[in-house]
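So you can see what is in the structure, the chains are spelled out below.
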Amino acid sequence: MQMIPNWHAFLVHFTVALTLTAAALYLAAYLLRTRSIAVQMTLVARWNLLLAAMSALWTFAAGLQAYYTVAHDALSHAAMTLHLKWAIGTLALLILAAALAWRERARSVGTGPVLGVAVVLTAVTLAITGYLGAENVYRHGIGVMRLPQPEVAGGGHAHGEGEEHGDMTMDKTMDMAPEATAAPANEAGSAHRHDPGALAHTAQAPAETVDAFFKALKAGEFAAAEALLDPKVQIFESGGAERSAKEYASHHMQGDAAFLKTATQEIGTRTGDAVGDLAWVATEQRITGISRDKPVDILSTETMVLRKTADGWRIVHIHWSSRPFKKD
């Protein structure tokens, strides 16, 4: 059996369950300390805490492996690092609490004051660590191999106003705006404007295809956006790579679309050229917006390589990079 992305997601449930059960039983033993059942509760709580500490060691080891092996970008790396820091503190508290519990093994009911505080702190930090771990998966998509794709036409499901699948914002989502006011380059390199209402599937010129791709993303038309990518498209950004249209669609496409809904782009320069069936479009722009409740202000560079097919121009390679914007 192969765990995805590794055994961390499996082991963490034992650590959480055992620790919280121990804390609940210690509390129950304290509240019922005048009854005989409090003795059994204390004994079970102690064993749960000891088992939780042993489980936490394996959980932390698997999590550390995931930290260094799971594909991620700059924003998700920061989230993973925060989760790791909380995990280190929680592990230290849990081991301390287990050691104190073993030291108090002769106590028949409840805990001493030091162990009691340690158990409470461990439960609280464990809850925070678990929440941050959940954000890594559900907000940043770390370790996720596939995301559900809503149908654009016919079938599928819809959400009410304001409902979305999530916000997995990444550096590469901050690159090109479909409705940017700067005039993009056409095949010959001259400048022209596009009708904002043009349908994505009607775009033919390389620059129009680039605009149509981001227009489809912003509108949440994921099938239309994927159709403008070559099936074997190579997407490079933040040191990572996605090596097919299907991989991009199942990983980061929805997060990119979510960010584009609110981001503001100001194109600085755009150049491009076409030779035969190959073309390239390079865009430099300033991106402003909000990511995880924090302001974002960056300079973004984007290069796309396209190939002309029987169905029109298709994107075969994308390279995204960005750096913080600084006024001169």
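Here the structure is a predicted model, which means the values were calculated and not measured.

J.: Mind showing me how you'd approach helix α4 (residues 113–138) here?
T.: Owing to its 3.6 residues per turn, the α-helix aligns residues three or four sequence positions apart on the same side. Between the first and last C-alpha of α4 there are 38 Å, a value that for 26 residues agrees with the 38 Å anticipated at 1.5 Å per step. Regarding α4, the residues found buried are Leu115, Ala118, Val119, Thr122, Ala123, Thr125, Leu126, Thr129, Leu132, Gly133, Glu135 and Asn136. Contact partners of the buried residues in α4: α1 (8–31), α2 (37–69) and α3 (74–103).

J.: Looking at this structure, I do not really get the layout of surface pockets. What am I missing?
T.: Picture a little ball the size of a water molecule; that probe, rolled over the atoms, points out where space is still empty. In this model, the largest pocket occupies a volume close to 830 Å³. Forming the walls of the largest pocket are 35 residues, and the residues nearest its centre are His8, Ala9, Val12, His83 and Gly133. Elements represented by at least two residues in the lining of the largest pocket include exactly α1, α2, α3 and α4. The leading source of residues in the lining of the largest pocket is α4, at eight residues. Broken down by class, the residue content of the lining of the largest pocket amounts to 22 nonpolar, 13 polar and no charged.

J.: When you look at the environment of Trp58 in this model, what are you seeing that I'm missing?
T.: Secondary-structure assignment places Trp58 in helix α2. Distance from Trp58 to His8, taken between C-alpha atoms, is 8.2 Å for residues 50 residues apart in sequence.

J.: Even after reading the chapter, I still don't get the pattern of salt bridges, so can you show me in this structure?
T.: Between side chains of opposite charge, a pair can form when the charged atoms approach closely. The final tally for this structure, using the stated rule, is six salt bridges. Across the salt bridge formed by Arg270 and Asp211, the nearest N and O atoms sit 3.3 Å from each other. Linking Arg270 in strand β3 (residues 264–275) with Asp211 in helix α5 (residues 206–218), this pair joins segments that are 59 residues apart in sequence. One exposure class covers both Arg270 and Asp211, and it is buried.

J.: Please explain the packing of aromatic side chains as it appears in this structure.
T.: When we look at a pair of aromatic rings, we describe it by the centre distance and by the angle of the planes. What the rule picks out here adds up to six aromatic pairs. With 5.5 Å between their ring centres and 65 degrees between their planes, Phe10 and Phe14 make a pair best called edge-to-face. Remark: Phe14 and Phe10 occur in helix α1; sequence separation between them is four residues, near one turn of the helix. With a centroid separation of 6.4 Å and an interplanar angle of 70 degrees, the aromatic rings of Phe214 and Trp320 are classed as edge-to-face. With Phe214 in helix α5 and Trp320 in strand β6 (residues 312–324), this pair connects stretches of sequence that are 106 residues apart. Both residues of the pair, Phe214 and Trp320, belong to the buried class.

J.: Explain the packing of α1 against α2 here, please?
T.: The packing of two helices is summarised by the inter-axis angle and the distance between the axes. Their axes nearest at 7 Å, the elements α1 and α2 cross at an angle of 155 degrees. Viewed along their axes, α1 and α2 adopt a mutual orientation that is roughly antiparallel. The two elements α1 and α2 cross, and the hand of that crossing is left-handed. Within the contact of α1 with α2, the residues separate by chemical class into 19 nonpolar, nine polar and one charged.

J.: Before we go on, may I ask you to explain the environment of Gly63 in this structure?
T.: With respect to the element layout, Gly63 can be found in helix α2. Separated by 20 residues in the primary sequence, Gly63 and His83 place their C-alpha atoms 9.8 Å from one another.

J.: Which parts of the structure should I look at to understand the nonpolar core?
T.: In this structure, Phe213, Phe214, Leu217, Leu229, Met304 and Ile315 are the most contacted members of the largest nonpolar core, which totals 26 residues. Residue assignment for this core shows that the elements contributing at least two residues are α5, α6 (222–227), β1 (229–237), α7 (245–251), α8 (253–260), β4 (278–291), β5 (294–309) and β6. Per element, the largest residue contribution to this core is six residues, and it comes from α5. Among residues more than four places away in sequence, those in contact with Leu229 are Phe213, Ala245, Tyr248, Arg314, Ile315 and Ile318.

J.: What should I look at first to understand a nonpolar patch on the surface in this one?
T.: A grouping of Leu43, Val44, Trp47, Leu51 and Met54 is seen on the molecular surface, where their side chains present a nonpolar patch of about 490 Å² in accessible area. Along the polypeptide, Leu43 turns up in helix α2. Of the residues examined, Leu43 reaches a relative accessible area of 45% and is grouped as partly exposed.

J.: Can you help me understand the packing of α1 against α4 in this one?
T.: Put simply, α1 and α4 touch, their axes get as near as 10 Å, and they point 140 degrees apart. With respect to each other, α1 and α4 are oriented oblique. Two packed elements cross with a definite hand, and for α1 against α4 that hand is left-handed. Contact residues: α1 offers Thr15, Val16, Thr19, Leu20, Ala23 and Tyr26, while α4 offers Leu115, Val119, Thr122, Ala123 and Leu126. In terms of residue class, the contact of α1 with α4 is made up of eight nonpolar, three polar and no charged.

J.: What exactly am I supposed to notice about the confidence of the model for the protein here?
T.: A low pLDDT means the predicted coordinates there should not be read in detail. With 79% of its residues at a pLDDT of 70 or more, the protein has an overall mean of 79. Note on residues 149–204: pLDDT is under 50 here. Beyond four places in sequence and across chains, it has 128 contacts.

J.: So what exactly am I meant to see when it comes to the environment of Glu237 here?
T.: Inspection of the secondary structure assignment puts Glu237 in strand β1. Given a relative accessible area of 7%, Glu237 falls into the buried group. For the pair formed by Glu237 and Trp320, sequence separation is 83 residues and the distance between their alpha carbons is 5.0 Å.

Cut-offs and rules
Residues numbered from 1 in each chain as written. Predicted model: local features only at pLDDT ≥ 70, side-chain atom pairs only at ≥ 80, totals over all residues. Heavy atoms only, no water. Helix = DSSP H or I, 4+ residues; strand = E, 2+ residues; numbered from the N terminus. Expected span 1.5 Å × (residues − 1). Buried < 20%, exposed > 50% of the residue type's maximum accessible area, 1.4 Å probe, protein only. Contact = heavy atoms within 4.5 Å. 1 Å grid on protein atoms, 1.4 Å probe; cavity = no way out; pocket = protein on both sides within 12 Å on 5 of 7 lines; lining within 4 Å. Points joined across faces, edges and corners; volume = space filled by probe spheres on them. Nonpolar A, V, L, I, M, F, W, Y, C, P; charged D, E, K, R; others polar. Salt bridge = Lys/Arg side-chain N within 4 Å of Asp/Glu carboxyl O. Phe/Tyr/Trp six-rings, centres within 6.5 Å; stacked < 30°, edge-to-face > 60°. Axes fitted to C-alpha atoms, helices over the stretch in contact; angles between N-to-C directions. Parallel < 35°, antiparallel > 145°, perpendicular 65-115°, else oblique. Left-handed = near helix turned anticlockwise from the far one by under 90°. Core = buried A, V, L, I, M, F, W, Y, C linked by side-chain atoms within 4.5 Å. Patch = residues over 30% accessible without salt bridge, like charges linked within 9 Å, V, L, I, M, F, W, Y side chains within 5 Å. Areas by Shrake-Rupley, 256 points an atom, 1.4 Å probe, with all protein chains shown as cover. pLDDT = per-residue confidence, 0-100.

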